[in-house]
Amino acid sequence: MTKQEILKVAKPITFTDAMVRNTLNGNLKSFLQKAKNQPEPGVNITDFCEQAFVYNQDKKYIMCKCCNHIIDTEPKFNIGDILYVREYTADVDGQTVYRADFDDTPKDIKFTAPSSMSKNSARIYLQITDIDVCKFKFIDRDTLVAMGFSLLDWYKNYMGYVYVFEVLNPVN
């Protein structure tokens, strides 16, 4: 696909500076996102349901294989989706500068929030190749923090679900 074809279908995803650096270095092969449909507080999810999830790509839902509990409907991304990564940028003398390229953020450059970044300024495009679901409690806390979650998210959603999106970079 050409860059213009990708821009027509690409969906936005915001990454932290560390995630951007890991992607550019080739070290990021997946990312996490909290599922919308979380268990109600006090609901006891049985232990045999821990890792038995199935993703139905046609109907766009994730379900527990053991008890048929629908974990989430219409996840934000599906297999085959192409994403463009939003990150902190600045315009310096007509050139786009990316905050993730600096070890220490320069004080003299005013970076704009990733939400205001245009598709054309994106330098990273990813394609979803697989989707998995697991519980927060099975993911190392340091990994969650590196992926943009806070420790409070981990504690509040300990029994909740998180998507693990496997990705590859389709654009050179």
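Just above sits the structure.
Computed from a predicted structure; not experimentally measured.

Calculation criteria
Residues numbered from 1 in each chain as written. Predicted model: local features only at pLDDT ≥ 70, side-chain atom pairs only at ≥ 80, totals over all residues. Heavy atoms only, no water. Helix = DSSP H or I, 4+ residues; strand = E, 2+ residues; numbered from the N terminus. Buried < 20%, exposed > 50% of the residue type's maximum accessible area, 1.4 Å probe, protein only. Contact = heavy atoms within 4.5 Å. Core = buried A, V, L, I, M, F, W, Y, C linked by side-chain atoms within 4.5 Å. Polar contact = N/O pair within 3.5 Å; in protein donor to acceptor, adjacent residues only side chain to side chain.

Participant: Hey, could you run me through the overall build of the protein chain in this one?
Facilitator: Of the regular secondary structure elements, the protein chain holds four helices and 10 strands. Helices and strands appear in the protein chain in the N-to-C order α-β-α-β-β-β-β-β-β-β-β-α-α-β. Split into buried and exposed, the 172 residues of the protein chain put 42% on the buried side. When contacts within the protein chain are restricted to residue pairs at least 6 apart in sequence, those whose partners lie at least 24 apart make up 69%.

Participant: What exactly am I supposed to notice about the nonpolar core here?
Facilitator: Generally speaking, a soluble globular protein has its nonpolar side chains buried in company with each other. The biggest cluster of nonpolar side chains holds 16 residues, and the ones touching the most others in it are Ile 13, Phe 15, Phe 31, Phe 77, Val 85 and Ile 128. At the level of secondary structure, the elements contributing two or more residues to this core comprise helix H2 (17-24), strand E6 (82-86), strand E9 (125-135) and strand E10 (161-168). Among the elements that line this core, the one with the most residues is E9, at three residues. Excluding residues within four positions of it along the chain, Phe 77 makes contact with Lys 11, Pro 12, Ile 13, Phe 31, Gln 33, Leu 83, Ile 128, Ile 131 and Phe 165. Core analysis: the next-biggest nonpolar cluster, separate from the first, contains nine residues, Ile 82, Tyr 84, Tyr 98 and Ala 122 among them.

Participant: Just checking my understanding: could you explain unusual backbone geometry for this structure?
Facilitator: The general pattern is negative phi for most residues beyond glycine and trans for most peptide bonds. Despite not being glycine, Asp 93 has its phi angle at roughly 55°, a positive value. One can find Asp 93 in the loop between strand E7 (89-92) and strand E8 (95-98).

Participant: I tried to follow the side chain of Asp 17 on my own but got confused; where do I start?
Facilitator: Checked against the element boundaries, Asp 17 lands in helix H2. By relative accessible area, Asp 17 is classed as buried at 13%. Within the local environment of Asp 17, its side chain forms a polar contact with the side chain of Arg 99, the two groups lying 2.7 Å apart. Residue contacts for Asp 17: discarding those within four places in its chain leaves Tyr 88, Arg 99 and Ala 100.

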